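Observations on the model geometry
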Amino acid sequence: DPARGADVAVKILYPHLTGDEGFVARFRREAQAAAALDHSNIIRILDHGSDGDLSYLVMELIDGPSLSTVLQQREEPLAPEEAVRLVARLAEALGHAHDQGVVHRDVKPSNVLLRGGRLDSPVLTDFGVARTVEATVATAAGTTLGTPTYMAPEQGEGQPGDGRSDVYALGVILYELLTGRVPFEGETQMAIAYRHLR
């Protein structure tokens, strides 16, 4: 970004989604809400807009891997102190977002970037974007999208979820950090969602 004199990340959304005027309106609302969040553990949205049939978000560039990548590379779980420190920072970030009326709805390790690769500097990404895409695709296809491994039971039943759904997903992440595995596994996404429900 020459104007800011800094490298940034640009996320471009699928063109087939931006042909839906309802999607574009929802995307703008969610991008504005996410851009209003001001917390060191939430990615900063610098700009958003459309250019032709492309919609995009411009955000700070995080110089580190995702929590998902780090967990895949580790041979053992995190020490309890490390896990608690990481999850506490994410909980503070979610608390800030919820206070502003913003719910993530897709909290999972791949949506957590580690600034500088440090476990004590997690950054939540994709606020609102997942929800907007999910609503559009679900409306079009009559299905519920999400990540069943981290999905709260009410989301598995097709409800939209709220701040408590984010807290549930954060609990699943804490479980995974401490044990090295997720609480429920299955051969299909439906089987995993059923185990969260039951």
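Residues numbered from 1 in each chain as written. Predicted model: local features only at pLDDT ≥ 70, side-chain atom pairs only at ≥ 80, totals over all residues. Heavy atoms only, no water.

1. What about the environment of Arg 195?
Let me state the cut-off plainly: Secondary structure elements are defined from DSSP: runs of H or I of at least 4 residues count as helices, runs of E of at least 2 residues count as strands, and each element is numbered from the N terminus. Only heavy atoms enter the contact rule, under which two residues are in contact if any of them lie within 4.5 Å.
For Arg 195, the position within the fold is in helix H8 (residues 189-197). Taking the C-alpha atoms as reference, Arg 195 lies 8.0 Å from Glu 185; in sequence the two are ten residues apart. What Arg 195 contacts, discounting residues up to four positions off in sequence, is Phe 184, Glu 185 and Gly 186.

2. What about empty space enclosed by the protein?
Let me state the cut-off plainly: Only protein atoms enter the 1 Å grid used here. Points where a 1.4 Å probe fits but cannot escape make up a cavity, open sets with protein on both sides within 12 Å along at least five of seven lines make up a pocket, and a residue lines them when an atom lies within 4 Å of a point. Grid points are joined across faces, edges and corners, and a volume is the space filled by probe spheres set on the points. Charged residues are taken to be Asp, Glu, Lys and Arg, nonpolar residues to be Ala, Val, Leu, Ile, Met, Phe, Trp, Tyr, Cys and Pro, and polar residues to be all remaining types, Gly included.
Taken as a whole and judged by the stated rule, the model has two cavities of 30 Å³ or more. Size it by volume and the largest cavity reaches roughly 70 Å³. Lining the largest cavity are eleven residues, with Ala 34, Ile 43, Ile 45, Asp 126 and Phe 127 positioned closest to its centre. Per-class residue counts for the lining of the largest cavity are eight nonpolar, one polar and two charged.

3. Considerations on the environment of Val 172
Checked against the element boundaries, Val 172 lands in helix H7 (residues 163-179). It is 6.7 Å that separates the C-alpha atoms of Val 172 and Val 182, two residues lying ten residues apart in sequence. In this structure Val 172 touches Thr 149, Tyr 150, Pro 183 and His 196, once residues within four positions along its chain are discounted.

4. Some words on the pattern of salt bridges
Opposite charge on two side chains permits pairing when their charged atoms draw close. In plain terms, the rule: Salt bridge, as applied in this entry: a Lys or Arg side-chain nitrogen positioned within 4 Å of an Asp or Glu carboxyl oxygen. Per-residue accessibility, obtained with a 1.4 Å probe over protein chains only, is compared with the maximum for each type, and a residue is labelled buried under 20%, exposed over 50%, and partly exposed between these values.
All chains considered together, the criterion is met by seven salt bridges. A salt bridge links Glu 60 to Arg 44; the nearest nitrogen and oxygen atoms lie 3.8 Å apart. Taken together, the positions of Glu 60 in strand S3 (residues 54-60) and Arg 44 in the loop between helix H2 (21-35) and strand S2 (45-51) put the pair 16 residues apart, joining distant regions of the chain. Classification of Glu 60 by relative accessible area gives buried; the value is 8%. For the salt bridge of Glu 60 with Arg 115, the shortest nitrogen-to-oxygen distance reads 3.1 Å.

5. Observations regarding helix H4 (residues 80-99)
For the record, the criterion: By this rule, a helix spans an expected 1.5 Å times one less than how many residues it contains.
If you check H4, its first and last C-alpha atoms are 28 Å apart, about what 20 residues at 1.5 Å a residue would give, namely 28 Å. For H4, every residue scored as buried is listed here: Ala 83, Leu 86, Val 87, Leu 90, Ala 93, Leu 94, His 96 and Ala 97. Those residues of H4 that are buried are in contact with helix H3 (67-73), strand S4 (112-114), strand S5 (122-124) and H7. Among the residues trailing H4, Gly 101 stands out with phi positive, at a value near 80°.

Remember that the coordinates give geometry; whether it matters functionally is a separate question.
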